[in-house]
Amino acid sequence: MIFTKVMAFLLERYSDNIIVVSDSVKVHWAKYVKKKPITRIYNGIDTSLYGQEEGFLRDELGLSKTDILIGMIGRVNHWKGQDYFLDIAKIILQTKPDTKFIIAGD
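Note that this is a predicted model, so its numbers are computed, not measured.

A. Main features of the layout of surface pockets. Put simply, the largest pocket is a space of about 740 Å³. Counting residues per element, the ones that place at least two in the lining of the largest pocket are α1 (2–14), α2 (23–30) and β3 (69–73). With five residues, the top contributor of residues to the lining of the largest pocket is α2. Considered class by class, the residues forming the lining of the largest pocket number eleven nonpolar, eight polar and three charged. Its volume calculated, the second largest pocket comes out at about 280 Å³. Residue lining of the second largest pocket: 14 residues in total, with G55, L57, R58, L69 and I102 positioned closest to the centre.

As C-alpha cells, this is what we get:
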C-alpha cells in the first residue's frame, strides 16, 4: 500500500496524463489519483505477423485438435485475476471434465 501511495503522489506531481493498459488498472489508480486524467490504451499485438498457421502448443501439451483448451496470459499477480480464472475453471470442469486450462506469464 505504501508503494501505491508513493506512486500516486509521483504520478500526480510529475505527470500530465497517466496511461494505463486496462479498465481494471484505470479503476485501481482512479482511487488514488484524483488530479490527473487517466487514459486507457490497450496493449496491442499485431497478429498479422503470425499468419494463419496453427501453433505448436497443442502438440507440446499433448492435446488433440478436439480438446477444449482455455488459457490466460499475463503476469501472475493477485490483482490480475488468476484467482477468478481458477474459480471459473472449477465451474467449467463440473460439466466439461475433459477441458484443459493453461496460465502463462511471469
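B. Representation of the pairing of strand β4 (residues 100–104) in the model. Here β3 runs beside β4; their pairing, made up of five bridges, is parallel. Bridge pairing in β4 links L69 to K100. Note on the crossover from β3 through helix α4 (residues 82–95) to β4: the handedness is right-handed.

C. Main features of a nonpolar patch on the surface. A cluster of nonpolar residues, I2, V6, F9, L10 and Y14, forms a patch on the protein surface that exposes about 550 Å² of accessible area. The topology assignment puts V6 in helix α1. You can call V6 partly exposed: its relative accessible area is 42%.

The rules we used
- Residues numbered from 1 in each chain as written.
- Predicted model: local features only at pLDDT ≥ 70, side-chain atom pairs only at ≥ 80, totals over all residues.
- Heavy atoms only, no water.
- 1 Å grid on protein atoms, 1.4 Å probe; cavity = no way out; pocket = protein on both sides within 12 Å on 5 of 7 lines; lining within 4 Å.
- Points joined across faces, edges and corners; volume = space filled by probe spheres on them.
- Helix = DSSP H or I, 4+ residues; strand = E, 2+ residues; numbered from the N terminus.
- Nonpolar A, V, L, I, M, F, W, Y, C, P; charged D, E, K, R; others polar.
- Pairing = 2+ DSSP bridges.
- Right-handed = clockwise from strand over helix to strand, strands pointing away.
- Patch = residues over 30% accessible without salt bridge, like charges linked within 9 Å, V, L, I, M, F, W, Y side chains within 5 Å.
- Areas by Shrake-Rupley, 256 points an atom, 1.4 Å probe, with all protein chains shown as cover.
- Salt bridge = Lys/Arg side-chain N within 4 Å of Asp/Glu carboxyl O.
- Buried < 20%, exposed > 50% of the residue type's maximum accessible area, 1.4 Å probe, protein only.

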